[in-house]
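Close look at the chain arrangement
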Amino acid sequence: MNKVSASQAVMTQNPAHSAPSAASLKTRPNSVGYNVAKLREDFPILRQTVNGKPLVYLDNAATTQKPTAVIDCIRRVYENDYSNVHRGVHTLSQRSTDLFEGAREKLQQFLNAKHSHEIVFVRGTTEAINLVAQSFGRSTLKEGDEILITAMEHHSNIVPWQMLCEQTGAKLKVAPIGRTGELLLDEFEQLLSPRTRLVSVCHMSNALGTINPVKAIIELAHSRDIPVLLDGAQAAPHMAVDVQDLDCDFYALSGHKLYGPTGIGILYGKEKWLEAMPPYQGGGDMIRRVTFDKTEYNTLPFKFEAGTPNIVDAIALGTAVEYLETIGMDAIAEYENQLLQYATERALEIPQLTIVGTAERKGAILSFTLERIHPHDIGTILDHLGIAIRAGHHCAMPVMDFFGVPATARASFGLYNTFEEIDILVDGIRKVIEVFG
Amino acid sequence: MLDQIRDLYQEVVFDHNRNPRNFRVMEDANRKIEGFNPLCGDKITLYVKVNAGVIEDVSFQGSGCAISTASASLMTEIVKGHTEDEAQHLFDLFHRITTGKNDDAVNLEEIGKLAVLSGVRAYPARVKCATLAWHSLQAALKNEADTVSTE
């Protein structure tokens, strides 16, 4: 296998910017040390025009684009190493198994999990949360027990719990947020009751960008012996995550938001919980011995991986995190934070614009509304300018209801976005306002 | 570039978006339905007063994008006074011009101002915005459940 490199991107000179406007000259932060132009070369899809304009891809919270390393990895494995895993004695099966288990170890290192068997491959964050709800939840919860989430959750961290509550008679409690989109930690604490069996919160909000004080949340819950699941779909692509340092009990993430393939993600779970939990699905690979009287389940993590897994995409996800590590998650976080600050400043120059989600700690998401212009119309007109943003409720309808808006427009940034692209976005928003008079 | 966008956002669309017609609650409606586009969060409440198969009055409330608001507004103008069958026929024509399917034979005079929304055919993601009000009307006339969704 070739080693992945992120184009030796870090610590080289910043490329020359195209002539910035006077406004941006005064506010554009110094981004020396992070060679975004070089990194962009790793992403073939970015080299295209959309509607006659260079593509400005600002929908990274929905999904991220893939570096050549990931695309090549998929091709290489299918061309050279592919077979089913954990089964055959033949060479290809062994190679595939080694690559697949190697990817698990890369994910273990990426999250700093204690054991590689604490990493369960799933389809994505949604399946990871459903796994915990149906396995941990169904085997643990009784009528009257409670699950605590927050008011800023994605539907995938709401609906699995509602289904579980219907099945068990448990109750779903929702900790409120304030006008800035920050969790009200005191109210959260008050909702931790003797009946709370699990806390499930997003590490970072997809609709608002808020980064939750997850360490404080975990300490509060653990002081009452309540386990905590973190929905890391949004956080993992933007910051270093150390599950041992956080001391979270479960961590869920999606590969496709992490510059990896679709259809693959992981559930991290502490060994003690995964050991105690019953299987989620039955089938091959998750068993040790099957007779018609009784089935003995396999060890971790295979107990939770029934059926042939998504082998190649798991391997490519390993390549994706390896790629990210060559850049450094801290370097990505710092750069994206500069992008967000710059985007926020520039957006606020537009009087008709309101930012939705103004928490003090935020990831690189700019959710906004424009006076009297629906986000859908903003999205269509920006697309004409080659700018891809999301317009809608972001699978977080309760968040939209809280802010009293039907939808927002959302620009979300990734490791390959540039300050110039933010200038193009801001010019585009001005055009939208112009078109709508 | 912005000329192209004018095919979608014609002046009539802006006008009806800014000043939607029949934008009111109807106390004596005998049909009321919630229309919902889960993709984008557009919501409308449609009020219809039907008497002996004739749409005597129609109005709406709600929030949506310029396309869905203008479409709802234009629809209320055009269907008022028509029979249920005629309204269904107009929907059929409207559907054809917004999707670009089998629209050769559509008589533009017959659909009048609705033609301004034909630009939506170039934007498949926005067709649902344009047809939400019409789907709601169809459901209201059929007396279907209280909520209609474009999904």
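Residues numbered from 1 in each chain as written. Chains lettered and ligands numbered in written order. Predicted model: local features only at pLDDT ≥ 70, side-chain atom pairs only at ≥ 80, totals over all residues. Heavy atoms only, no water.

It is worth spelling out the overall build of chain A at this point. Of the regular secondary structure elements, chain A holds 15 helices and 17 strands. Taken along the three principal axes of its C-alpha coordinates, chain A extends 75 × 55 × 35 Å. Across the 437 residues that make up chain A, the buried fraction comes to 59%. Contacts in chain A between residues at least 24 apart in sequence constitute 72% of all its contacts with a sequence separation of at least 6. (Helix = DSSP H or I, 4+ residues; strand = E, 2+ residues; numbered from the N terminus. Buried < 20%, exposed > 50% of the residue type's maximum accessible area, 1.4 Å probe, protein only. Contact = heavy atoms within 4.5 Å.)

Before going further, it helps to spend a moment on the nonpolar core. Formed by 159 residues in total, the largest nonpolar core has its most connected members in A:Phe188, A:Val199, A:Tyr251, A:Leu415, B:Ile67, B:Val79 and B:Trp134. Broken down by element, this core gets its largest block of residues, 11 residues, from helix H11 (residues 311-327) of chain A. When residues are assigned to domains, this core turns out to be shared by domain 1 (6-58 + 328-436) and domain 2 (70-326) of chain A, each giving three or more. Once residues within four sequence positions are removed from consideration, A:Tyr251 is found in contact with A:His203, A:Leu230, A:Gly232, A:Ala235, A:Ala236, A:Val241, A:Val243, A:Leu246, A:Ile266, A:Leu267 and A:Tyr268. Listed in part, the 25 residues of the second largest apolar core include A:Val132, A:Leu141, A:Trp161 and A:Met277. (Core = buried A, V, L, I, M, F, W, Y, C linked by side-chain atoms within 4.5 Å. Domains from an automatic or database assignment.)

Further remarks concern the interface of chain B and chain A. Counting residues at the interface gives 25 residues for chain B and 19 residues for chain A. Across the chain B-chain A interface, the total number found is one salt bridge. Note that B:Arg126 and A:Asp377 form a salt bridge whose closest N and O atoms lie 2.8 Å from each other. In this assembly, chain B and chain A are joined by eight residue pairs in polar contact (both at pLDDT 80 or more). Sorting the residues of the side of chain B that touches chain A by element identifies helix H1 (2-8), helix H2 (11-18), strand E2 (42-51) and helix H3 (66-79) of chain B as the ones contributing at least two each. Residue contributions to the side of chain B that touches chain A peak at five residues, all from H1(B). Residues belonging to the side of chain B that touches chain A are distributed by class as follows: 15 nonpolar, five polar and five charged. (Salt bridge = Lys/Arg side-chain N within 4 Å of Asp/Glu carboxyl O. Polar contact = N/O pair within 3.5 Å; in protein donor to acceptor, adjacent residues only side chain to side chain. Nonpolar A, V, L, I, M, F, W, Y, C, P; charged D, E, K, R; others polar.)

Attention now moves to helix H6 (residues 127-141) of chain B. Residues and elements named next belong to chain B. Between its first and last C-alpha, H6 extends 21 Å over 15 residues, near the 21 Å set by a 1.5 Å rise per residue. Helix geometry: H6 is bent most strongly at Ala133, by close to 30 degrees. Across the 15 residues that make up H6, a large majority, 13, are buried. (Expected span 1.5 Å × (residues − 1). Bend = angle between axes of the 7 residues up to and from the residue.)

This part covers the packing of helix H3 (residues 68-81) of chain A against H11(A). All names here are of chain A. Contact geometry of H3 with H11 gives a least axis separation of 9 Å together with a crossing angle of 145 degrees. Helix-helix and strand crossings are classified by hand; for H3 and H11 the assignment is right-handed. Judged by residue contacts, Ala69, Val70, Cys73, Ile74, Val77 and Tyr78 of H3 engage Val312, Asp313, Ile315, Ala316, Thr319 and Ala320 from H11. Taken together, the residues of the contact of H3 with H11 sort by class into 10 nonpolar, one polar and one charged. (Axes fitted to C-alpha atoms, helices over the stretch in contact; angles between N-to-C directions. Left-handed = near helix turned anticlockwise from the far one by under 90°.)

On to the domain arrangement of chain A. All names here are of chain A. Under the domain assignment, chain A is made up of domain 1 (6-58 + 328-436) and domain 2 (70-326). Here the C-alpha centroids of domain 1 and domain 2 sit 29 Å apart. Counting residues at the interface gives 38 residues for domain 1, matched by 33 residues for domain 2. A combined buried area of about 2800 Å² lies between domain 1 and domain 2, and 60% of that area is made up of carbon and sulfur atoms. By the criterion of area lost to domain 2, the three top residues of domain 1 are Met329, Arg361 and Phe402, representing 22% of everything that side buries. Along the contact surface separating domain 1 from domain 2 lie zero salt bridges. The interface formed by domain 1 and domain 2 includes 17 residue pairs in polar contact (both at pLDDT 80 or more). Counting residues per element, the ones that place at least two in the side of domain 1 that touches domain 2 are helix H12 (329-347), strand E14 (365-370) and helix H14 (397-403). (Buried area = accessible area lost by both parts, 1.4 Å probe.)

Moving on, we come to the state of the cysteines. In the structure shown here, the tally under the stated rule is zero disulfides over all chains. With no disulfide of its own, A:Cys165 has A:Cys202 as its nearest cysteine by sulfur position, at a separation of 18 Å. (Disulfide = S-S within 2.5 Å.)

Residues and elements named next belong to chain A. The terminal C-alpha atoms of helix H4 (residues 91-111) lie 30 Å apart, and with 21 residues this matches the ideal 30 Å at 1.5 Å per residue to within 8%. What H4 keeps buried is the set Ser93, Ser96, Thr97, Leu99, Phe100, Glu101, Ala103, Arg104, Leu107, Gln108, Phe110 and Leu111. Immediately beyond the C-terminal end of H4, within one or two residues, lies Asn112, with a positive phi of roughly 55 degrees.

Another point: unusual backbone geometry. The step from A:Leu300 to A:Pro301 runs through a cis peptide bond, and the omega angle for that step is -5 degrees. Position of A:Pro301 among the secondary structure elements: in the loop between strand E12 (295-297) and H11.

Here we come to the sheet that holds strand E5 (residues 146-150) of chain A. Residue and element names in this part refer to chain A. One open sheet holds the seven strands; their spatial order is E4-E10-E9-E8-E7-E5-E6, and the pairing between them is mixed. Bordering the open sheet on either side are strand E4 (119-122) and strand E6 (171-175), each of which pairs with just one other strand. Each strand axis lies, on average, 20 degrees off the axis of its neighbour in the sheet, ignoring direction. By the bridge criterion, five bridges tie strand E9 (residues 250-254) to strand E10 (residues 265-269) in an arrangement that is antiparallel. Among the inter-strand pairings, Ala252 is bridged to a residue of E10, identified as Leu267. The sheet strands contacting H4 are E4, E9 and E10, and the helix crosses E4 at an angle near 115 degrees. (Pairing = 2+ DSSP bridges.)

Residue and element names in this part refer to chain A. Enumeration over the complete set of coordinates arrives at 18 aromatic pairs over all chains. Relative to Tyr82, the ring of Tyr78 has its centre 5.2 Å away and its plane inclined at 50 degrees; by these criteria the two rings are tilted. An aromatic cluster of three or more residues is present, and its members are Tyr34, Tyr335, Tyr342 and Phe419. For Arg179, the ring lying beneath its charged end belongs to Phe402, and the centroid distance is 5.0 Å. (Phe/Tyr/Trp six-rings, centres within 6.5 Å; stacked < 30°, edge-to-face > 60°. Lys NZ or Arg CZ within 6 Å of the ring centre and 35° of its normal.)

Residues and elements named next belong to chain A. One pass over the full model with this rule turns up 28 salt bridges over all chains. Here Lys270 ties to Asp247 by a salt bridge, and the two come within 2.9 Å at their closest N and O atoms. Within this pair, whereas Lys270 is found in the loop between E10 and helix H10 (271-276), its partner Asp247 is found in the loop between helix H9 (243-246) and E9, the two being separated by 23 residues in sequence. Accessibility expressed as a relative area gives 33% for Asp247, which makes it partly exposed. Taking the shortest distance from any N to any O, the salt bridge between Asp249 and Lys270 comes out at 3.4 Å. Highlighted residues: Asp249 in the loop between H9 and E9 and Lys270 in the loop between E10 and H10, separated in sequence by 21 residues. Taking relative accessible area as the criterion, Asp249 reaches 2% and is therefore assigned buried. Connected through salt bridges with shared partners, the residues Arg346, Glu349, Asp423 and Arg430 form a single ionic network.

All names here are of chain A. Along the chain, the position of Glu101 falls in helix H4. A distance of 2.8 Å separates a polar atom in the side chain of Glu101 from a polar atom in the side chain of Arg104. The residues touching Glu101, leaving out its near neighbours within four places in the chain, are His86 and Phe302.

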